[in-house]
Amino acid sequence: MTTSEQWILVSKQQDIPLLGARVVTGAAAGPIAIFKAADDTIFAVLDRCPHKGGPLSQGIVHGHAVTCPIHAWNINLETGCALEPDEGCTRRYDVKCVEDEVFLRRDQLAAL
Amino acid sequence: MKKMKLVLVGNGMAGVRTLEELLKLAPDLYDITVFGSEPYPNYNRILLSPVLSGEQNVEQIILNDLQWYADNNIRLHLDKTVVEIDRVAREVKAADGTVEPYDRLLLATGSLPFILPVPGKELPGVIAYRDIKDTNEMIATAASHQHAVVIGGGLLGLEAANGLSARGMKVTVVHLMDWLMERQLDPVASKLLQKSLEDRGIDFKLKTQTEALLPNADGTRVAAVRFKDGETIAADLVVMAAGIRPNTALAEAANIHCSRGIIVNDTMQTFDPLIYAVGECVNHRGSVYGLVAPLFEQAKVCANHLAEYGIARYSGSVTSTKLKVTGIDLFSAGDFMGGDGCEEITLSDPLAGVYKKLVVKNDLLVGACIYGDTADGTWYFKLLREEKNIASIRDTLIFGESNIGDVGHEGHNKAAAMLDADEVCGCNGVNKGKIVRAIKDQGLFTLEDVRKCTKASASCGSCTGLVEQILMNCLGTSYSETPKKKAMCACTDHSHDAVRVAIREKKYLDQAQIRSEMGWRTPSGCASCRPALNYYLISTWPHEAKDDPQSRFINERAHANIQKDGTYSVIPRMWGGLTNASELRRIADVAEKFNVPTVKVTGGQRIDLLGIKKEDLPEVWKDLGMPSGHAYGKSIRTVKTCVGSEHCRFGTQLSMDMGVRLEKMLFGMYAPHKVKLAVSGCPRNCAEAGIKDVGVIGVDSGWEIYIAGNGGIKTEVAEFLCKLKTDDEVKEYSGAFIQLYREEGWYLERTVHYVQRVGMDYIKARILQDAPGRLALFERLLFALKDAPDPWKDFEAAGVDLKQFETIALPQLS
């Protein structure tokens, strides 16, 4: 395992509401939204809609997507990219879950 | 798994549309093969008229190019006519010997022109007007010959005549009936149309029967037409446009039940369960449709069943007609001739070339026939299709929708008169040219298509009427209207109504149950249906169904109003617009302590603190020590009041007191959309009660109640409901009306749209004429609002997740 794959503990899974999100602050690129989908999958993307920068963490989560609360763009949480007909992507972050704990990658958090 | 084989016979608009719908639902279910007897891929047959008149060319009207077939792995046999269906061996055979086996067969063989059985009908120069080949022949003939005769004065015949005339031919239209387009127009409108076509140089012979087509001297080509009355006129080209009939030869030869079309049931299945049929070749419940809108509805249903979803039904269509002749505006729909039990409303201005006739029966619009000013055609068609009660708008109905205030697009209400650069959608900044280009270049047919592709009318929706007009102007009759029972969202085919009824009758108490039992396509819904389902559950089963905050928009989860930069606005409640020194002092203290950048007085008589960070919200609420104003919710907002007889020298009633009492009664009430009230103390109406969901106006002898007003996108004046004597009556009547709306309104439907949908008579029957029913409604409202928690204080009871206000801080990274 290379040093770039150091993982940082950010939350317990149970602290992220089902079909909801928490916001992680302190990453170099800005706040990160971590989501829990209906099937308990955890996703992390930059908390900034590619449209006009709306806080995705505040949107309604459905399937593996979130609807931005500002102008209702739908963002695919797997890729960070907008669903049709909109275009644009926000940064996505790798997530690792070990038992109840959720980790993000140090190098990605430090990247501007 | 081996895929099933689907064979489509007929490479036209209905068949290919079915494939498109099918590929959306089940892209991998079938190996698809298509037979088309023309050498072209699927093209827009409706746009043959602009091609003939030279406004468009053949390339521009192709809907699916060859690449589309390749991209979707569809085997395409062009220029091959299927001549036999072997239902035992389950295979079809084409004229050239090609054989394809099928598991499911889709027939979309369209229709054939009716060729008059007159001598000379097989002469060169005698053609129908049906496909690209005919069109090309007409264009070629126009370049070298002079005289054309079109037999048939219907939609198709007139479009052919106009096209040929535009290409320089001398055209005579021969029609058997008393007036042109008798199936779409009444005699008055028809005369106006005839006059305008005569002005373009087209001649007409009405009530005339064709006897024979005569050849030229050497018998190589048609040269003249002879009529029953003995008259003969020159004709180098004869176009037969005397009607079409369903092309059922193939189906009949295979012993599939046909009778004036291939008989299908509501799932578009023929009498052979493996064989489906759509389009002009079909007879559904005795009707054969030749317009595109119904065919697309059939395509959608058929695809649903081919995809093995098995939940869609086609129950027939109401159709409308618009002639695609540039510069001539006419529109007709429904029973435009009227008759027994019908009343007619007409407006006629012959000099301006305007004629409008509306046919009304039992307070419903049942038909419309308009010439010259068709801007409101789509609106009339909507009233007709949705069977809206028009009693309350009857006196202005004939003047159209556009005489009512509408904002956001510079007051435009006639799309045809707009320039390409004129803005249509003020929310998303889309101009007319962009929409027209998208419709033409990308082959769009529906409002939904346009919304997806251009975002026009996808936000506030005030320009929907304009976009529909543009669609209709671009596509003519092919404009595909929104189905009557609109599905809630893309997750389901069920309408809002159907879902509300099911929740009540089956006593559903949670969303998962609804989605699984009503066949939702998505496991966790979407941002449209989840908030609606949540509201329906908690309003139908108060204190039983559990509220799901994750199905609410962020504003109702954070109990504040999100702003474009992600901060929030906080509006504490001031009952009836009243406050005091202590509250104002606390508001001032909060504004200073949290560095609130903007403090604003709202239209609802309270104070808005804008620019609050989410993590500060609980602290702000605590410091304010005032109840939530619910200024962020689909809920009771404010009760606006004037000063009233407490102070005002004109006041006749205690309007502030009444306002406070109503607001306290409704505290914490969620509704399909926001609800605003106002109470004025005298008819001068300083509280603007005329544009509120419920407006109460004090008069010397009591109170007048007005309902379903709105001051938003479209200014709608509230309607008088009744006059009451006592304060308690005001609470009971207005409460009962609001509860009725809460129980029957669709999510995001304001009271004005709800009342327009069900009709004012219905509201009066429920609220005024049924005293026990009114009381029961009122009691259900009070029960639902019992112990309504204040979400700014009673966090647990209101289901407020306090964790959302805390962010997670990362450790130092370096």
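Residues numbered from 1 in each chain as written. Chains lettered and ligands numbered in written order. Predicted model: local features only at pLDDT ≥ 70, side-chain atom pairs only at ≥ 80, totals over all residues.

Draft legend 1. How the structure looks around the overall build of chain A. Along chain A, the regular secondary structure elements total 1 helix and 10 strands. Helices and strands appear in chain A in the N-to-C order β-β-β-β-β-β-β-β-β-β-α. Looking at chain A as a whole, 42% of its 112 residues qualify as buried. Put simply, 44% of the contacts in chain A that link residues at least 6 apart link residues at least 24 apart. (Helix = DSSP H or I, 4+ residues; strand = E, 2+ residues; numbered from the N terminus. Buried ≥ 20, exposed ≤ 12 C-beta atoms within 10 Å, placed from the backbone. Contact = placed C-beta atoms within 7 Å.)

Draft legend 2. Up close: the overall build of chain B. A count of helical and extended segments in chain B gives 24 helices and 37 strands. Across the 814 residues of chain B, 47% fall into the buried class.

Draft legend 3. Summary view of the sheet that holds strand β6 (residues 99-101) of chain B. Residue and element names in this part refer to chain B. Across the sheet, 3 strands lie side by side as β4-β5-β6; this open sheet has antiparallel pairing. Unpaired on one side and paired on the other, β4 (82-86) and β6 mark the two borders of the sheet. Here the strands of the sheet are splayed against their neighbours by 20° on average, with no regard to which way each runs. In the sheet, strand β5 (residues 91-94) pairs with β6 via 3 bridges, with the strands oriented antiparallel. Counted as the bridge partner of V92 is E100 from β6. (Pairing = 2+ DSSP bridges. Axes fitted to C-alpha atoms, helices over the stretch in contact; angles between N-to-C directions.)

Draft legend 4. Summary view of the nonpolar core. Judged by nonpolar contacts, the single largest core of 111 residues is most densely connected at I34(A) and F737(B). When residues of this core are assigned to their parent elements, the largest contribution, 7 residues, is made by helix α21 (residues 727-744) of chain B. Formed by 69 residues, the second largest nonpolar core is a distinct cluster that contains L291(B), M418(B), V430(B) and F445(B). (Core = buried A, V, L, I, M, F, W, Y, C linked by C-beta atoms within 7 Å.)

Draft legend 5. Up close: the interface of chain B and chain A. Taken residue by residue, the interface counts 22 residues in chain B and 31 residues in chain A. Where the side of chain B that touches chain A is concerned, the elements lending two or more residues are α12 (447-454) and β37 (808-809) of chain B. Its residues assigned to classes, the side of chain B that touches chain A shows 11 nonpolar, 6 polar and 5 charged. (Nonpolar A, V, L, I, M, F, W, Y, C, P; charged D, E, K, R; others polar.)

Draft legend 6. Expanded view of the pairing of strand β32 (residues 636-641) of chain B. All names here are of chain B. Among the 6 residues that make up β32, 6 are buried, leaving the element largely enclosed by the rest of the structure. Here β32 pairs with strand β33 (residues 675-680) via 4 bridges, running parallel. Its bridge partner being in β33, T641 is matched across the sheet by V679. Crossover handedness for the path β32 to helix α20 (residues 655-665) to β33: left-handed. (Right-handed = clockwise from strand over helix to strand, strands pointing away.)

Draft legend 7. Fine view of the packing of helix α9 (residues 377-385) of chain B against helix α13 (residues 464-475) of chain B. All names here are of chain B. The contact between α9 and α13 brings their axes to 9 Å, and the two run at 105°. Between α9 and α13, the angle falls in the class roughly perpendicular. Of the residues in α13, those in contact with G377, T378 and W379 of α9 are G465, E468, Q469 and M472. Of the residues that constitute the contact of α9 with α13, the class distribution is 2 nonpolar, 4 polar and 1 charged. (Parallel < 35°, antiparallel > 145°, perpendicular 65-115°, else oblique.)

Draft legend 8. Just the sheet that holds strand β31 (residues 607-612) of chain B, in detail. An order of β28-β29-β31-β30 (chain B) is seen for the 4 strands of this open sheet, with the pairing classed as antiparallel. The open sheet is flanked by β28 (561-562) and β30 (598-601) of chain B, the only strands paired with a single partner.

Draft legend 9. View of the packing of helix α14 (residues 496-505) of chain B against helix α16 (residues 529-540) of chain B. All names here are of chain B. With their axes 10 Å apart at the nearest point, α14 and α16 run at an angle of 40° to one another. Considering their axes alone, α14 and α16 lie oblique with respect to each other. Between α14 and α16 lies a crossing whose hand is right-handed. Along the contact surface, α14 presents H496, V499, R500, I503 and R504, while α16 presents A532, Y536, L537 and T540. (Left-handed = near helix turned anticlockwise from the far one by under 90°.)

Draft legend 10. Structural context of the environment of N73(B). Position of N73(B) relative to the elements: it lies in the loop between α3 (66-71) and β3 (74-77). Through-space distance from the C-alpha of N73(B) to that of Y30(B) is 10.0 Å; in sequence the pair is 43 residues apart.

Draft legend 11. Looking closely at α12(B). All names here are of chain B. Within the span of α12, buried status applies to L447, V450, R451 and T454. All buried residues of α12 lie within an arc of 100° about the axis, which places them on one face of the element. Of the surrounding secondary structure, the elements contacted by the buried residues of α12 are β27 (430-431), α11 (432-441) and α13. Directly after α12, the chain includes K455, whose backbone phi takes a positive value near 75°. (Arc of directions from axis to C-beta.)

Draft legend 12. Seen up close, the pairing of strand β3 (residues 32-36) of chain A. Residues and elements named next belong to chain A. Burial within β3 is extensive, with 5 of its 5 residues counted as buried. The two faces of β3 match: I32, I34 and K36 on one face and A33 and F35 on the other face are all buried. In this structure, strand β2 (residues 20-25) lies alongside β3, joined through 5 bridges in antiparallel fashion. In the sheet register, A21 faces β3, and the bridge partner there is F35. Between β2 and β3, which pair antiparallel one after the other, the connecting turn spans 6 residues, and G26 there sits at a positive phi close to 110°. Bridge count between β3 and strand β4 (residues 42-46): 5 bridges; the pairing is antiparallel. Bridge pairing in β4 places I34 opposite A44. The turn joining β3 and β4, which pair antiparallel and follow one another in sequence, is formed by 5 residues; a positive phi near 75° is taken by D40.

Draft legend 13. Main features of the confidence of the model for chain B. When pLDDT is averaged across chain B, the result is 90; 96% of the residues are at 70 or more. Scored by ipTM, the complex comes to 0.92, with pTM at 0.67. (pLDDT = per-residue confidence, 0-100.)

Draft legend 14. How the structure looks around the environment of R285(B). All names here are of chain B. Along the chain, the position of R285 falls in the loop between β20 (282-284) and α8 (292-306). C-beta crowding within 10 Å serves as the criterion here: with 11 such atoms nearby, R285 is assigned to the exposed category. As a C-alpha pair, R285 and V264 span 21 residues in sequence and 7.9 Å in three-dimensional space.

Draft legend 15. Region of interest: unusual backbone geometry. Residues and elements named next belong to chain B. The phi torsion at H543 lies on the positive side, around 65°, for a residue other than glycine. Here H543 is to be found in the loop between α16 and α17 (554-558). Among the residues examined, H543 registers 10 C-beta atoms within 10 Å and is labelled exposed. Positive phi, close to 55°, is recorded for D787, a residue that is not glycine. Topologically, D787 is positioned in the loop between α24 (771-784) and β37.

Draft legend 16. Main features of α14(B). All names here are of chain B. Within α14, burial applies to H496, V499, R500 and I503. All buried residues of α14 project into a common sector of 100° when viewed along the axis, lining one side. In this structure, the buried residues of α14 make contact with α15 (511-517) and α16. Following α14 by one or two positions, K507 adopts a phi angle in the positive range, close to 50°.

Draft legend 17. Expanded view of the environment of V288(B). Residue and element names in this part refer to chain B. When you line up the elements, V288 lands in the loop between β20 and α8. For the pair V288 and R245, spaced 43 residues apart in the sequence, the C-alpha separation amounts to 9.0 Å. When neighbours within four sequence positions are excluded, V288 is seen to be in contact with P246, R260, G261, E280, V282 and N283.

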